[in-house]
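Topology and contacts: notes
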Amino acid sequence: MLGDALLRMDICLVADGRSLAGWNSHPVACSAFAGITRTLGESLVASHFPPLGRYYLLDLAQDQLLLVMVSGELHVGMQLAGDKFHLGLLTNVVIPETLQALARAYAVESPS
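Residues numbered from 1 in each chain as written. Predicted model: local features only at pLDDT ≥ 70, side-chain atom pairs only at ≥ 80, totals over all residues. Heavy atoms only, no water.

1. Notes on the side chain of Q79
The cut-off we apply is this: A helix here means a DSSP run of H or I that spans at least four residues, while a strand means a run of E at least two residues long, and both kinds are numbered starting from the N terminus. Under the rule applied, a polar contact is a pair of N or O atoms within 3.5 Å (in protein, one hydrogen donor and one hydrogen acceptor; residues adjacent in sequence only if both atoms are side-chain atoms). What makes two residues a contact is simply this: any of their non-hydrogen atoms within 4.5 Å.
Following the sequence through the fold, Q79 ends up in strand β5 (residues 74–81). Within the structure, Q79 has its side chain in polar contact with the side chain of R8 (distance 2.7 Å). Residues contacting Q79, with those up to four places away along its chain left out, are A5, L6, L7, R8, Q64, L65 and L66.

Here you go:
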């Protein structure tokens with residue numbers, strides 16, 4: 001759906017930021033955003049705000065966006081070219097469909 005607007009994507013573990021799968025993967029970003037998501041969640045609680053929901057979106061320089069979706073024990077992170085898609089497509093189609101597919105498609109098991 002995003003075509004050439006998608007610059008990179010990773011599916012990562014929330015716990016340690018380890019990338020499980022990706023396209024044009026960036027493992028260092030996975031680890032960093034696992035920490036950012038954790039800190040953001042703790043900051044919201046400490047500030048007496050509601051907890052973090054299903055995603056957050058960052059407006060980056062050079063007309064790029066960073067989308068981090070949270071589903072259970074997994075993150076999906078996407079770096080996007082902001083000038084190559086409509087935000088409505090992202091919020092009304094891509095995010096809901098990605099989160100639904102992710103919820104149906106995985107079970108994280110601890111190694112024996």
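Alright, that's what it looks like, and here's the rest.
2. Remarks on a nonpolar patch on the surface
Just so we agree on the cut-off: The residues that make up patches have over 30% relative accessible area and no salt bridge, and they are joined within 9 Å when like-charged or within 5 Å when they are Val, Leu, Ile, Met, Phe, Trp or Tyr. Surface accessibility in these figures is a Shrake-Rupley result with a 1.4 Å probe; residues are shielded only by whichever protein chains are displayed. By definition, a salt bridge exists where a carboxyl oxygen of Asp or Glu is found within 4 Å of a side-chain nitrogen of Lys or Arg.
A surface patch of nonpolar side chains, amounting to about 240 Å² of accessible area, comprises Y55, L57 and L87. Looking at where L57 falls in the secondary structure, it is placed in strand β3 (residues 55–60).

3. What to know about the sheet that holds strand β2 (residues 19–23)
The cut-off we apply is this: For two strands to count as paired, DSSP must find a minimum of two bridges between them. Note on geometry: axes are lines fitted to C-alpha atoms, helical ones only across the stretch in contact, with angles between N-to-C directions running from 0 to 180 degrees.
The strand order across the open sheet built from five strands is β2-β1-β5-β4-β3, with neighbouring strands paired in antiparallel fashion. The strands lining the two open edges of the sheet, one partner per strand, are β2 and β3. Across the sheet, the mean angle from the axis of one strand to that of its neighbour is 15°, orientation sign disregarded. Here helix α1 (residues 27–46) sits on the sheet in contact with β1 (6–13), β2, β3, β4 (64–71) and β5, set at roughly 115° to β3.

4. Here's the deal with the state of the cysteines
Inclusion rule: In this description, a disulfide is simply a cysteine sulfur pair whose atoms lie within 2.5 Å. Residue burial is assigned from relative accessible area. The probe radius is 1.4 Å, only protein chains are included, and a residue is buried under 20% of its type maximum, exposed over 50%, and partly exposed in between.
Enumeration over the complete set of coordinates arrives at one disulfide. Each sulfur in the disulfide pair C12 and C30 lies 2.4 Å from the other. With C12 in strand β1 and C30 in helix α1, this pair connects stretches of sequence that are 18 residues apart. Considered together, C12 and C30 belong to a single accessibility category, that of buried residues.

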